[in-house]
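Below are the chains, spelled out letter by letter.
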Amino acid sequence: TSNTSKAKTKGQGAATSVSIQLDKDDFKQAVIRNLHRTLGTDENKANKHAWWKATSAAMQELVFERLRTTQKTHYLNDTRAVHYFSAEFLMGRLLSNNMHNFELFDTAKRALKELGVDLVDMLEEEPDMALGNGGLGRLAACFIDSLATMEFPAIGYGIHYEHGLFRQEIRNGAQIERPDSWRDYGNPWEICRPESIQQISLYGYVETKYDEDGKIHKEWHPGSIVTGVPWDIPIVGYGGKTVNVLRLWQSQSSEYFNWDVFNAGGYVDAQRENVESETISKVLYPNDETEAGKELRLIQQYFFSACSLKDIIRRYKRVHGDDWSRFAEQVVIQLNDTHPAIAIPELMRILVDRAELSWNVAWEICTQTFAYTNHTLLPEALEKWPVRMIGKILPRHLEIIYEINHRFMAEVDAKWPGNNEIKAKLSIIEESNEKMVRMGNLSVVGSFAVNGVAEIHSALVKSQLFPEFNELYPGKLTNVTNGITPRRWLKACNPSLSALITKKIGGDWILNLDKLDDLSAFASNKTFQNQFMKVKQQNKLALAEEIKKLTGIIVDPKAIFDIQIKRLHEYKRQHLNLLHILALYRRLLQDPDYDMHPRVFIFGAKAAPGYALAKTIIYAINVVADKINNDSRVNEKLKVVFLPNYRVSLAEKMIPAADVSQQISTAGKEASGTGNMKLALNGAITIGTLDGANIEIAEEVGEDNIFIFGLTVDEVNETLSAGYNPYDYYYSNEELKATIDWLDSDYFTPGNPHALSSLKHSLLEGGDPYLVLADFEDYCKANLALDLAYRDKSKWAKMAILNTAKMGKFTSDRSIKDYVERIWKLDSCQVK
Ligand code: 475
């Protein structure tokens, strides 16, 4: 089999024109009809929520019509399709997005206005679909938008979590977690497909059978059977032609049970320790970039991978019957990190045990089907599962993993004869005290392509994480730089800027983001600078109002809006930002005339509930904010805001209002970043390290239009191997020492002097693993340069315009084009 036979990619296949013709009056009627007939209420009684539901239902009529045509077209053409396996899809809200992608937003706005409803206000009724933690989950959401927009046959597969990422509240400065219930009052976008239910097995044991010829056959006798119920979310491409599907599996207990497997006595005991079926899709694990290591998490991974594979195979067999020879031509599966990597042994099990293909034929199919994306190098995020746990939950898969490894070790031995060190390093099984299965190694061995998510990251994947694999399989490891959808992250979230851009250079940028470069010609044009900065000012005013509404804090829209939004992690160094804020505070106290442009530092971040230091950093930001905001000696010039419950819909309000984008991770730690792209696209200037996609952003915008500081990846490595000692910096920089000591006094936490001492401890005795102290001084310098630059209004406007103008590379359409041409080898499929 080969998946290159369809290698020709017919251009981008992007939609070009509007397909849905609906005017204001049609739209009005559709909303009212749904208000009456779907919701059973009427105009006089309807509250905002009812209007939202009726409007969503009206949109859904259009969506379903295009969904049906798309599915029919894909079926009739029997197209090769990509299957994007991801434990997370961080979709956010869908109504406004679907309106924008159908190019009906303005029509809807006018229609609703005539009904006495403010659309923008009504959109707030929709809960975010927060089925993801952060970057990895949001990337999946941007990718399926681009896939539909460019009319590629694609399906997203994931988990229908009952509770998405927790809702964050801040009480007395500290994070508390509340359950997220995004479906409480019904979700208008999902449709249950009971006709496509799947059943999967767990636990039990493996029986070895011999047929008459003495051939071994393995039979897995499961201990329990779980039902997977699919929910489909339509994914509307821009232009409204192709509507693909995101299929999410909900777990349910099965009627059916393998009673004969157990003797009555053993059954109850064995079951008691087992995970209950309904629990599987209950809740999203809130750990971003740390492995949970929990049995339930492994079962979640297997559950959605196995349901999805069965779904794919059912669809394949409908056309090709038992002829497996074309499977890898028709099916490519992208593994979004190692979370779905258990799909590799699962496909082997189906092909070898069920379809009775030979191992070699099965392995060839498998390794032509899977491709794997790595999203992080952090050791704590690299998944490993105890052999014992896999043996209990998936006994047959463990055998298969051992067989894969056995054959792989022979390959390694052929390449490096007798080299046990390399074998130990590459082995899928880690021979530690508690034996572990390394899911990264399994993914590399079982895939035909492996990619990192930005140039620097992919280079480090090759040189640090998998150097021997790179020698063994030349060309398998590659890069696909991440991207973001400009539909959500510019057109929809920043309507005024979008309108200005379209007025200036036309609307082609929405499908061809490189067109934004046409704005460069106007970067020094005073009129355009004024128009551009006027939009920014309006957006800042709107965010200032939102800040007041959410926190009561009053901020001056003329101040620099300096934004750091991302998960809370030591490597992302929100505490470096905080130390600099403290330095400014101290300078202002010591010198009331200290010359700085007023600046508001705005944060949004959730900490994993079990990550104590991350929670301490949130607490520190909040207590410092409280002190500064209420200190009349400084609060004309300095304010600090922590916006609670950072999520997609809040990001959409913050990003258009940012002057400054903080991207300050320790070099080598942030695989790519995607918030950096969203902020720059909306005209924010980055202050950042040479890490992840910041490097590529700097290449695009040029060094004059970005504030780069800090150690490079090489310098970080040199510093660490030279025996980094944070005390050297602590004792040699008076301001740095003072700010760190300040945190450990009771100035910010009256009556509780050591509330923040764990933070200080991590930076000093703790060894400062993320080199906060080493980068502090250069960070302060970059901030100073930034402050000076802002005072030159024209210079700043030019920088901001050029940031927007030079972001073409970072559209997810380009990322998808890279995947399609270099990895997936798909043809686009025009839906009429
Ligand atoms: C990177 N999440 C960003 C982004 O490629 C990058 C891990 C384990 C369990 C649950 N979630 C995770 C991640 O590893 C993750 O979000 N990684 C991020 O992926 C998209 O832009 O630099 O940190």
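Residues numbered from 1 in each chain as written. Predicted model: local features only at pLDDT ≥ 70, side-chain atom pairs only at ≥ 80, totals over all residues.

**Q** Can you help me understand the overall build of the protein in this one?
**A** Helix and strand counts for the protein come out as 32 helices and 25 strands. For 832 residues, the compact-globule estimate of 2.2 N^0.38 gives 28 Å, and the C-alpha radius of gyration of the protein, at 27 Å, lies within 12% of that figure. Taken across its 832 residues, the protein has 52% of its residues classed as buried. For the protein, long-range pairs separated by at least 24 residues make up 77% of all intrachain contacts whose partners lie at least 6 apart in sequence. (Helix = DSSP H or I, 4+ residues; strand = E, 2+ residues; numbered from the N terminus. Rg over C-alpha atoms; globule rule 2.2 N^0.38 Å. Buried ≥ 20, exposed ≤ 12 C-beta atoms within 10 Å, placed from the backbone. Contact = placed C-beta atoms within 7 Å.)

**Q** Just checking my understanding: could you explain the sheet that holds strand S15 (residues 384–386) for this structure?
**A** Picture the strands of a sheet paired through backbone hydrogen bonds; they go either parallel or antiparallel. On the basis of which strands lie adjacent, the open sheet formed by three strands has the order S15-S17-S16 and antiparallel pairing. The sheet terminates laterally at S15 and strand S16 (429–430), the two strands that pair on one side only. The pairing of S16 with strand S17 (residues 436–438) spans two bridges and is antiparallel. The partner of Ile429 across the bridge, within S17, is Val437. (Pairing = 2+ DSSP bridges.)

**Q** Help me understand the domain arrangement of the protein, please; the structure alone is not making it clear to me.
**A** What the domain assignment lists for the protein is domain 1 (78–93 + 128–482 + 816–824) and domain 2 (497–810). Computed over C-alpha atoms, the centres of domain 1 and domain 2 are 36 Å apart. Each partner contributes to the interface: domain 1 provides 38 residues, whereas domain 2 provides 33 residues. Taken together, the elements giving at least two residues each to the side of domain 1 that touches domain 2 come down to strand S2 (89–92), helix H6 (135–149), strand S5 (167–171), strand S6 (174–178) and helix H16 (455–465). (Domains from an automatic or database assignment.)

**Q** Help me out: how do you make sense of the sheet that holds strand S21 (residues 599–604) in this one?
**A** On the basis of which strands lie adjacent, the open sheet formed by six strands has the order S22-S21-S20-S23-S24-S25 and parallel pairing. Whereas interior strands pair on both sides, the edge strands pair on one side only; in this sheet they are strand S22 (638–642) and strand S25 (707–708). Across six bridges, strand S20 (residues 560–565) lies against S21 in parallel orientation. In the strand pairing of S21, Ile563 is matched with Ile602.

**Q** What's the story with the packing of helix H10 (residues 343–354) against helix H11 (residues 359–369) in this structure? I'm lost.
**A** Helix packing geometry: the angle between the two helix axes and the distance between the axes. Following both chains from N to C, one finds H10 and H11 inclined at 140 degrees, their axes separated by 9 Å at the closest point. Considering only the axes of H10 and H11, their crossing is right-handed. Here H10 contributes Ile344, Leu347, Met348, Leu351 and Val352 to the contact with H11, which in turn contributes Trp359, Ala362, Trp363, Ile365, Cys366 and Thr369. (Axes fitted to C-alpha atoms, helices over the stretch in contact; angles between N-to-C directions. Left-handed = near helix turned anticlockwise from the far one by under 90°.)

**Q** I keep staring at the pairing of S21 and nothing clicks. Help me out?
**A** Side chains on a regular strand alternate between the two faces of the sheet. Most of S21 sits inside the fold, with six of its six residues counted as buried. Here S21 pairs with S22 via five bridges, running parallel. Along S22, the bridge assignment pairs Ile602 with Val641. Handedness of the crossover is the feature at issue here: the chain leaves S21, passes through helix H22 (residues 612–629), returns alongside S22, and the resulting connection is right-handed. (Right-handed = clockwise from strand over helix to strand, strands pointing away.)

**Q** I would appreciate a short explanation of the confidence of the model for the protein in the present structure.
**A** Mean pLDDT over the protein works out to 94, with 95% of the residues at or above the 70 mark. The low-confidence segment residues 258–264, where pLDDT is below 50, has eight contacts with residues more than four positions distant or belonging to other chains. Note on the complex model: pTM 0.96, ipTM 0.98. (pLDDT = per-residue confidence, 0-100.)

**Q** Any chance you could explain the site of the ligand here in plain terms?
**A** Around the ligand, the structure places 19 residues, and the nearest of them are Gly135, Leu136, His375, Ala671 and Ser672. Taken together, the residues of the shell around the ligand break down into five nonpolar, 11 polar and three charged. Counting residues domain by domain, the shell around the ligand receives three or more from each of domain 1 (78–93 + 128–482 + 816–824) and domain 2 (497–810). (Near = placed C-beta within 6 Å. Nonpolar A, V, L, I, M, F, W, Y, C, P; charged D, E, K, R; others polar.)

**Q** Honestly, the environment of Met91 in this entry has me stumped. Any pointers?
**A** Within the secondary structure layout, Met91 lies in strand S2. Note on Met91: 27 C-beta atoms within 10 Å, which makes it buried. When the C-alpha atoms of Met91 and Glu125 are compared, they prove to be 16 Å apart, with 34 residues separating the residues in sequence. In contact with Met91, other than residues within four places in its own chain, are Met129, Leu131 and Ala141.

**Q** Would you take a moment to explain the nonpolar core for this structure?
**A** Soluble globular proteins tend to pack their nonpolar side chains together in the buried interior. If you look at the biggest cluster of nonpolar residues, it comprises 252 residues, and the most contacted ones within it are Ile144, Phe303, Ala620, Ile621, Val624 and Val641. Two domains each provide a minimum of three residues to this core, namely domain 1 (78–93 + 128–482 + 816–824) and domain 2 (497–810). Ignoring any residue separated from it by four or fewer positions in sequence, one finds Val624 in contact with Leu578, Ile581, Leu582, Val640 and Phe748. (Core = buried A, V, L, I, M, F, W, Y, C linked by C-beta atoms within 7 Å.)

**Q** Could you clarify how one ought to interpret the pairing of S2 in this entry?
**A** Of the two faces of S2, the one holding Phe89 and Met91 and the one holding Leu90 and Gly92 are both buried throughout. As defined by bridge partners, S2 adjoins strand S3 (residues 129–131) across three bridges and the pair is classed as antiparallel. Bridge assignment links Phe89 to a residue of S3, and that residue is Leu131.

**Q** I keep staring at H16 and nothing clicks. Help me out?
**A** Each α-helix winds once per 3.6 residues, and so residues spaced three or four apart point in a common direction. Those residues of H16 not exposed but buried are Ile456, His457, Ser458, Val461 and Leu465. Contacts made by the buried residues of H16 are with strand S18 (449–452), strand S19 (477–479), helix H25 (694–701) and helix H26 (713–721).

**Q** What exactly am I supposed to notice about the environment of Tyr731 here?
**A** Its location among the elements puts Tyr731 in helix H27 (residues 726–732). Sequence separation between Tyr731 and Ser305 is 426 residues; the distance between their C-alpha atoms is 53 Å.

**Q** When you look at unusual backbone geometry in this model, what are you seeing that I'm missing?
**A** Peptide bonds are trans in most cases, and residues, glycine excluded, mostly fall at negative phi. Despite not being glycine, Asp337 shows a phi value in the positive range, around 65 degrees. Note on placement: Asp337 falls in the loop between strand S13 (331–336) and H10. Even without glycine at this site, Glu356 takes up a positive phi of about 55 degrees. Inspection of the secondary structure assignment puts Glu356 in the loop between H10 and H11. Assessed through the 11 C-beta atoms surrounding it within 10 Å, Glu356 is described here as exposed.

**Q** Explanation requested: the packing of helix H21 (residues 574–590) against helix H28 (residues 734–743) in the structure shown.
**A** Running from amino to carboxyl end, H21 crosses H28 at an angle of 105 degrees, the nearest separation of the two axes being 9 Å. Taken together, the axis directions place H21 and H28 in an arrangement best described as roughly perpendicular. Together, Leu579, Leu582, Ala583 and Arg586 of H21 and Glu735, Ala738, Thr739 and Trp742 of H28 make up the contact between the two elements. In terms of residue class, the contact of H21 with H28 is made up of five nonpolar, one polar and two charged. (Parallel < 35°, antiparallel > 145°, perpendicular 65-115°, else oblique.)

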